[in-house]
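What follows is each chain in one-letter form.
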Amino acid sequence: MKKGTIVDFRDGCRDAIPVCLGYIAVSFAFGIESSKIGMSVFQAIMTSLLNVTSAGQFSALEIIARNGSFVELAILQLIINLRYMLMSTALSQKLDPELGTGYRLGISYGVTDEIFALSVLKKGKLYPLYSYGLIFVSVFGWILGTGLGAFAGQIMPQRIISCLGLAIYGMFIAIIIPDTRTSKAVLMVVVAAMILSTIFTYAPYLRAISSGFRIIIITVLVAAIAAIYAPVKEEEHE
């Protein structure tokens, strides 16, 4: 069973530098948002350290702000982060079959979209030390940006904080717009999500549902619609 060498760890750290820089920008926005709901710098940093999931953390802020239930929060995180289970299953195929559970758990901690992409592109077997290098540098950027954003949110004027808070909306727009131009399926998903969100926000009875459960219901409905009307064909994976 090979765990890798210090060279593998160094390579992982080097490959993760672009991810680290990107994480600083995104997590800075999370830090700003966390400060707006009254979280301390320490609480914001610990949230990022223990979760390492942008969509999951951002979606949890509203539930935390209104003291929502743990059940609602847990279900929301399960739905949003379900893709990581698939990513972990794929990565397990690149690991040494004899690799111990402890090493596998260490790798699973840092399974994010970006780290998964780098791990998949790594030729040959995936050694734990290479993964730890990716995780160390990437998570450092995620925590650093969170801390800076949370600190800035406590010392900067409220008007500037509100302006910086718009960064998260710009981030999500930047993510979805390019794909909607090239994929009708993605466009359909975005439009369906917008329509359902509007309905759940303004329709009688439906608007009484908490925002966390709204996200859960809309996510499941939109995913089901996409699976039925725009399934990914097998040849598209090849």
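Residues numbered from 1 in each chain as written. Predicted model: local features only at pLDDT ≥ 70, side-chain atom pairs only at ≥ 80, totals over all residues. Heavy atoms only, no water.

1. Things to note about the overall build of the protein chain
The number of helices and strands found in the protein chain is 13 helices and zero strands. From first element to last, N terminus to C terminus, the protein chain shows the α and β order α-α-α-α-α-α-α-α-α-α-α-α-α. Over its C-alpha atoms, taken along the principal directions, the protein chain stretches across nearly 60 × 50 × 35 Å. Approximately 14,000 Å² of the protein chain is accessible, and the part contributed by carbon and sulfur atoms is 70%. Of the charged side chains in the protein chain, 18 are positive and 15 negative, and the gap between their average positions amounts to 5 Å. (Helix = DSSP H or I, 4+ residues; strand = E, 2+ residues; numbered from the N terminus. Areas by Shrake-Rupley, 256 points an atom, 1.4 Å probe, with all protein chains shown as cover. Lys, Arg positive; Asp, Glu negative; His and termini not counted. Charge placed at Lys NZ, Arg CZ, Asp CG, Glu CD.)

2. Regarding a nonpolar patch on the surface
On the surface, a cluster of nonpolar side chains totalling about 360 Å² of accessible area is made up of V71, I75, F213, I217 and L221. Contributing elements (two or more residues each) for the nonpolar patch: α5 (70–80) and α13 (211–229). Residue position: I75 is located in helix α5. (Patch = residues over 30% accessible without salt bridge, like charges linked within 9 Å, V, L, I, M, F, W, Y side chains within 5 Å. Salt bridge = Lys/Arg side-chain N within 4 Å of Asp/Glu carboxyl O.)

3. So, the packing of helix α1 (residues 6–15) against helix α9 (residues 128–155)
Where α1 meets α9, the axes come as close as 7 Å, and the angle between the chain directions of the two elements is 35 degrees. Helix-helix and strand crossings are classified by hand; for α1 and α9 the assignment is right-handed. Mapping the contact onto sequence places I6, D8, F9, D11, G12, C13 and D15 in α1 and L129, Y130, Y132, G133, L134, F136 and V137 in α9. Partitioning the contact of α1 with α9 into residue classes produces nine nonpolar, two polar and three charged. (Axes fitted to C-alpha atoms, helices over the stretch in contact; angles between N-to-C directions. Left-handed = near helix turned anticlockwise from the far one by under 90°. Contact = heavy atoms within 4.5 Å. Nonpolar A, V, L, I, M, F, W, Y, C, P; charged D, E, K, R; others polar.)

4. So, the packing of aromatic side chains
All chains considered together, the criterion is met by three aromatic pairs. Judged by centre distance (6.3 Å) and plane angle (45 degrees), the rings of F9 and F136 are tilted. With F9 in helix α1 and F136 in helix α9, this residue pair connects regions lying 127 residues apart in the sequence. Taken together, a centroid distance of 5.4 Å and an interplanar angle of 70 degrees make the contact between Y23 and W142 edge-to-face. In this pair, Y23 sits in helix α2 (residues 17–36) while W142 sits in helix α9, placing the two residues 119 residues apart along the sequence. What makes Y23 buried here is its relative accessible area of 8%. Judged by relative accessible area, which is 3%, W142 ranks as buried. Positioned over the ring face of Y84 is R83, at 4.3 Å from the centre of the ring. Above the ring of Y130, the side-chain terminus of K122 is found at 4.5 Å from the ring centroid. (Phe/Tyr/Trp six-rings, centres within 6.5 Å; stacked < 30°, edge-to-face > 60°. Buried < 20%, exposed > 50% of the residue type's maximum accessible area, 1.4 Å probe, protein only. Lys NZ or Arg CZ within 6 Å of the ring centre and 35° of its normal.)

Limitation: the analysis is restricted to geometry and does not speak to function.
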